[in-house]
Structure formats: C-alpha cells, structure tokens
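# Observations on the three-dimensional arrangement
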Amino acid sequence: MKVAQTLLQQDLSHIALSVNSKTARDVEVALSKSVLNLDDFMALISPAATPYLENMATRAHTLTRQRFGNTMQLFVPLYLSNLCANECTYCGFTMSNKIKRTTLSINETLEEINAINTMGFSQVLLVTGEHESKVGMHYFEQVIDAIRDNVSYLMMEVQPLDCTEYEKLKTLGLDAVLVYQETYSPSYYSNYHTRGKKQDFMWRLEASDRLGQAGIDKIGIGALLGLGNWRVDSVMTALHAQTIQQHYWQSRVSIAFPRLRRCEGNSEVGSIDRNLNLPNERQLLQLICAHRIYNPYAELTLSTRESAKFRDGAMTLGITSMSAASQTQPGGYSKPTQALNQFDIDDNRTVSEVVNAIHANGLDTIWQDWLPFQLRDKSV
Ligand code: SF4
C-alpha cells in the first residue's frame, strides 16, 4: 500500500505550521520554477500568496490550455440509491436521517440513462450511499451490465471496494472510481464519521492503492473542504495525487474541490459550525490554480455545488471537467421529485445554459472522448 504509507508518514501539524509560515519570497520562488515541489505548493495556497492570485491565474490558464487544449469535459452524476449504513454528520443521506430511502431498479436506472442521454450526456458518474448488503457488488454488476452500451465513459462513487471487486467491475466496463478521503486528519475524520464501515480511515485511505493495482483507468480523489483544516487537507490531496501518479502511472488522476454545503436533515446534521474551516471563493480559486501549477497533468473537476458565476470563472483557469444540470436524488432525471438531495446545489442552470457559458469562454465541450466500451475491442 505505497500511496497510503506515504500519506500516513506525513506530520499534519508540521504541514499546518509550514503553510502558515510561508512568505511572499517563498511564493515568488515557487512561481519562478517550472517544476514545483510540495513546499512550493504550500507557498501557493498560503495566506502569503493572496496578492499573487492574478499571476497564479495566468500561469494556471496557460498550463491548462497547453495540456488539455481549449476543452471542457462534461459529465453527469446518476444517483442510484440513497441507502446508507454510515453516520456522516455532514451528509443528508446519513443513516439516522428520517428520509424516504430508495434504490433504483434496473428498469428505473434505464429510464434515468435514457433521460440523461436525451440531455446529451454519455459520460456518467454512478453514485450511491454506502450500504454493502443492499447496494453491493451484485447490484453494481447488474447496473453496469444494463447501462454500459449507453455510456461512453463510466465512473463510480460508491463505498470503497476490494481489489478483486474493482478488477471484476473493470471487466464489465468500469472506467473510473472516485473515493474522496473527506479529511486526511484521523482525528477530524473520527469526529465526523460516527457509525458504520466508513469509520475505517485506513480502508478508505488504501482505496487508491487497490484501484491502482486493479488498473482502473482514472482514480478520483479529494477532500471535503471545510471538515478539517482545508489548507492541510489540500497539501495532502496534492501529495496523494502525485504519489498515485508515481506508483500507478497507468491510471489518470482527477482532483475535486467539494466545499461543505448545507444539507437537510435532523438536528445532528445541522449542528456543525460549517464556516470554521471553509475556504471562501477567492481561496478556492487560489487552490485550483495552485493544484494546476503544481500538477499540470491532473484533471481538475468542479461540481454544481459551486455557483454559476464561480464556475464560469474557474473554467478558464484550471478546471477540465464539470458536471451540469445535476440531480442528487435517485430518479431525479426521469421523475423529478421533492425527495431529499444529498446536498444543496448552487449552479441550477440547464445543460444548454452551461454549454453556452463554456462556449462563451472559448472552450469546446467534450461529451465523449473515448470510444464506447462495446466498440473498444473492435477498434484494435
Ligand atoms: S457521505 Fe456517503 S457514506 Fe456518509 S452518509 Fe453520506 S452517502 Fe453515506
């Protein structure tokens, strides 16, 4: 477990001190380099880098266009189930929340895929809560088998699985897996995850090693910004991405920047002081630019959690992949309901409105950049 071992060796208190001690000179040194080290990344996300945001944005924009061209990948999340056997105090699907629980049948999933295809999407992210006994491998296999012909790139964000399970799903057509660590601080992690298998910090941390060993095409990582010290979690995310690239170079890496959002639910869910560690929009932009400058090859993803205005600005800097017109409850595309969302969405624009904004920024929309799974073997 090479990636997890590297992450475990880090001293988070030392990282916090290092970031906060960075000076303007450190930022200038970082910006003068063509290849940055982790210390330089710390400088770029430090308070000392705030006056350099414009320089960072210019550099991030240039690197993104060099590596990814004038393009923006578009995908959509498909929520299959809101069943969950975990207690995560920041999430609307948390086990103790008294909400109607649903898991889509195969027919209902096909209706969702049909609605999604009609919207123009063929890159799809399957999302579930984490409920192994009711929404486990058997269900995933059935769903993938049923929808694979209508999806050009298939991603998944479900409970962490073991290596053989990832290998099995890959043979069925799974391309990418997202496992967000939420926070890299074991103590913060245990505060927020109070029941269920998700309490196992190490099982989650070792997921990228299992994904790399299984040869999954893309590994998605990220921290839920606002749970812990966002700067420390971001340094760990940057190291996480780099370490995956070093050890599992066959896999691509994508980094997401979810910020904590309000969610409905019981009083427990609403009881956390969410503003304590939350980066503001300017700091989030600084973070996106820093990741791009540090790691020109990582894909950077932004969801509809953020506002339309923010997303329109970020798409010209480092972001290479976006969701649009997302529904975060099962069945939300074919049968919009009042069911509880996992979290609040801020960019509520239609697909065509998002596409127009992307074009207005001089970018092409990429709906499919791979041959559909069923055609891949025939093409070689
Ligand atoms: S964050 Fe995931 S695991 Fe935790 S309660 Fe929500 S759906 Fe379940």
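Quick caveat, the model's predicted, so the values are computed rather than measured. (Residues numbered from 1 in each chain as written. Predicted model: local features only at pLDDT ≥ 70, side-chain atom pairs only at ≥ 80, totals over all residues. Heavy atoms only, no water.)

## Quick notes on the nonpolar core
Counting 104 residues, the largest nonpolar core has F41, L44, L126, F140, F257 and I319 as the members making the most contacts within it. Considering every element that reaches this core, the biggest residue donor is helix α12 (residues 230-247), with eight residues. Ignoring anything within four residues of it in the chain, the contact list for F257 reads L225, L284, L287, I288, H291, L300, T301, E306 and I319. Counting 18 residues, the second-largest nonpolar core is a separate cluster that includes C91, L125, V127 and Y192. (Core = buried A, V, L, I, M, F, W, Y, C linked by side-chain atoms within 4.5 Å. Buried < 20%, exposed > 50% of the residue type's maximum accessible area, 1.4 Å probe, protein only. Helix = DSSP H or I, 4+ residues; strand = E, 2+ residues; numbered from the N terminus. Contact = heavy atoms within 4.5 Å.)

## Quick word on the confidence of the model for the protein
Overall, the prediction assigns the protein a mean pLDDT of 92, with 91% of residues at 70 or greater. Between residues 266-275, whose pLDDT stays under 50, and residues either more than four places distant or in other chains, the model counts 19 contacts. (pLDDT = per-residue confidence, 0-100.)

## A closer look at α12
Because an α-helix completes one turn every 3.6 residues, residues spaced three or four positions apart along the sequence face the same direction. For α12, built from 18 residues, the straight-helix expectation of 26 Å at 1.5 Å per residue is met to within 8% by its first-to-last C-alpha distance of 25 Å. Within α12, 14 of the 18 residues are buried, which leaves it mostly tucked inside the rest of the structure. The N-cap residue of α12 is N229: its side-chain oxygen and the backbone nitrogen of R231 are 3.0 Å apart. (Expected span 1.5 Å × (residues − 1). Polar contact = N/O pair within 3.5 Å; in protein donor to acceptor, adjacent residues only side chain to side chain.)

## Notes on the site of the ligand
Around the ligand, the surrounding shell holds eleven residues, and the nearest of these are C84, N86, C88, C91 and K198. The class makeup of the residues in the shell around the ligand is five nonpolar, four polar and two charged. (Near = heavy atom within 4 Å. Nonpolar A, V, L, I, M, F, W, Y, C, P; charged D, E, K, R; others polar.)

## Digging into the pattern of salt bridges
Enumeration over the complete set of coordinates arrives at 15 salt bridges. Of the charged contacts, one joins D347 and R311 as a salt bridge, the two residues approaching to 2.7 Å between their closest N and O atoms. You can see D347 sitting in the loop between β10 (321-323) and α15 (351-360) and its partner R311 sitting in helix α14 (residues 308-314), a full 36 residues away along the chain. Among the residues examined, D347 registers a relative accessible area of 2% and is labelled buried. (Salt bridge = Lys/Arg side-chain N within 4 Å of Asp/Glu carboxyl O.)

## What about helix α11 (residues 207-214)?
Judged by how many residues are buried, α11 sits mostly within the fold: seven of eight residues are covered. A207, S208, D209, R210, L211, G212 and A214 are the residues of α11 that are buried. On its buried face, α11 sits against α1 (2-8), α8 (163-172), β5 (176-178), α10 (201-205), β7 (218-222) and α12.

## Re the packing of α12 against helix α13 (residues 281-294)
Remark: α12 packs on α13, axes separated minimally by 11 Å, with the N-to-C direction vectors making an angle of 25°. Judged on the interaxial angle alone, α13 and α12 are roughly parallel. Like other packed secondary-structure pairs, α12 and α13 cross with a definite hand, here right-handed. Along the contact surface, α12 presents W230, R231, S234, T237, A238 and Q242, while α13 presents Q283, L287, H291 and Y294. (Axes fitted to C-alpha atoms, helices over the stretch in contact; angles between N-to-C directions. Parallel < 35°, antiparallel > 145°, perpendicular 65-115°, else oblique. Left-handed = near helix turned anticlockwise from the far one by under 90°.)

## Thoughts on the environment of S34
Tracing the backbone through its elements, the reader meets S34 in the loop between α3 (24-32) and α4 (38-45). Each C-alpha atom, one on S34 and one on N191, is 39 Å from the other, the two residues being 157 residues apart in sequence.

## Some words on the side chain of K198
Within the secondary structure layout, K198 lies in the loop between β6 (193-195) and α10. One polar contact links K198 to Y90, side chain to side chain, over a distance of 3.3 Å.

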